[in-house]
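# Observations on chain architecture
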Amino acid sequence: MGHPVRFCFRLALASGLCLGLLAAGDQGRAQPASGGGSGGSGVSTSPQLGEALSPSSPAQIALADYLRAKGVIFYGAYWCPHCFHQKVVFGQEAGNRLPYVECAKEAAAAQACEAAGVTAYPTWVMGKERKVGFLTLEELAAWTLYPGTLNPAGTAPAATTTNPPAPKTP
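Before going into details, it helps to say that this report is about the structure given with it. Here the residue index of a chain counts from 1 through its sequence in written order. The model is predicted, so local features are restricted to residues of pLDDT at least 70 and side-chain atom pairs to those at 80 or more, both for listing and for counting; the totals for chains, interfaces and linings are taken over all residues. Values reported for side chains reflect all heavy atoms of the structure, with hydrogen atoms and water molecules removed beforehand.

Turning our eyes to something else, we now look at helix α4 (residues 107–115). Three exposure classes are used, based on accessible area relative to the maximum for each residue type with a 1.4 Å probe and protein chains only: buried under 20%, partly exposed in between, and exposed over 50%. Helical segments are the DSSP runs of H or I of at least four residues, strand segments are the runs of E of at least two, and each set is numbered from the N terminus. Ala107, Ala109, Ala110, Gln111, Ala112 and Cys113 are the residues of α4 that are buried. Residues count as neighbours in contact if any of their non-hydrogen atoms are within 4.5 Å of one another. Check the buried side of α4 and you find it contacts β2 (73–76) and β3 (100–102). After α4 finishes, the residue Gly117 shows a positive phi value of roughly 80°.

Our focus in this paragraph is the nonpolar core. One broad rule of soluble globular proteins: the nonpolar side chains tend to lie buried together. Among the nonpolar cores identified, the biggest contains 34 residues, and Leu63, Leu67, Tyr75, Phe90, Tyr121 and Trp124 are the most heavily contacted of them. Contributing elements (two or more residues each) for this core: α1 (58–70), β2, β3, β5 (123–126) and α5 (137–143). If one sorts the elements of this core by residue count, α1 sits on top with five residues. In this structure Phe90 touches Ser56, Gln60, Leu63, Ala64, Leu67, Gly95, Leu98, Trp124, Leu137 and Leu140, once residues within four positions along its chain are discounted. The term nonpolar core refers to a set of buried residues drawn from Ala, Val, Leu, Ile, Met, Phe, Trp, Tyr and Cys, joined through side-chain atoms within 4.5 Å.

The next point concerns the state of the cysteines. In what follows, a disulfide is any cysteine sulfur pair within 2.5 Å. Tallied over the entire structure, the rule returns one disulfide. Across the disulfide from Cys103 sits Cys113; the S-S distance is 2.1 Å. With the S-S dihedral at roughly -80°, the linkage between Cys103 and Cys113 falls on the left-handed side. Here Cys103, found in the loop between β3 and α4, pairs with Cys113, found in helix α4; they are ten residues apart in sequence, far enough to count as distant. The exposure classification of Cys103 matches that of Cys113, with both residues buried.

Secondary-structure assignment places Ala62 in helix α1. Residues Ala62 and Tyr146, 84 residues apart in the sequence, show an inter-C-alpha distance of 9.6 Å.

Our next topic: the pairing of β2. Burial of β2 is two-sided: the residues Ile73 and Tyr75 facing one way and the residues Phe74 and Gly76 facing the other way are all buried. Between any two strands, pairing holds if DSSP finds at least two bridges. Alignment of β2 against β5, held across three bridges, turns out to be antiparallel. From the neighbouring strand, Ile73 faces β5, where its bridge partner is Val125. The sheet contact formed by β2 and β3 spans three bridges and is parallel. Looking at the pairing, Gly76 lines up with Glu102 of β3.

By definition, a salt bridge exists where a carboxyl oxygen of Asp or Glu is found within 4 Å of a side-chain nitrogen of Lys or Arg. If you walk through the whole model with that rule in mind, you get two salt bridges. A salt bridge links Arg97 to Asp65, with the shortest nitrogen-to-oxygen separation between them at 2.7 Å. Taken together, the residues Arg97 in helix α3 (residues 91–97) and Asp65 in helix α1 connect sequence positions 32 residues apart. Take Arg97 and Asp65: they sit in the same class, and that class is buried. With its nearest N and O atoms 2.7 Å apart, the salt bridge here joins Glu93 to Arg97. Note that Glu93 and Arg97 are positioned in helix α3 at a spacing of four residues, about one turn of the helix. Residue Glu93 is classed as partly exposed on the basis of its relative accessible area, which comes to 38%. Taken together, the shared-partner salt bridges connect Asp65, Glu93 and Arg97 into one network.

Written out as C-alpha cells, the structure is:
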C-alpha cells in the first residue's frame, strides 16, 4: 500500500499557529522521538525544525526535561515558522530535548497526528488537555504546573553587545 495522500497548506496566523490538513488513516497516538532525553545524548528530537543558535540555560533544560517526564507532547511541522520559534525559545540543548512529533514528513507520523486530533501547529498535548499555538516558557510552565523556576535568583541578564563609541577627533 502506498503513502496516504497528504494535503497540506501553510497559513501562519498572527495568533502564532500554522494550520495543516492531512488526509490519512487512523493509526493511533504518535510518540515523541526518544533521542536527546534527559540523558543528554546530544541527538536532537526535532532536527526537522532546525537548530537554535543560543545555548540553553539550566532552567530551560530543566523545563524541557520536565515536559518530557510529564508526558507532554509537542506536535509540529518542519515548514511551520511558529514551531521553529517554539523550539528556539528553549535554546540549543533544551530545544533538542523537547518531546517533539513531526507531523509533516512521514506518513505514519502524519496519520498519528491526525488520530491525535492535531489540526494546527504547534500543538501541545498533556493527557486530555491541549494548547494550540506558540506558548512562552512561562505559559508552558504555568499550564503544566512546573515546580521549578525559569529565572533563578542571582542569574545575570544576557549580555548585550553595543557598538563602541566613535573615536573623538581633535
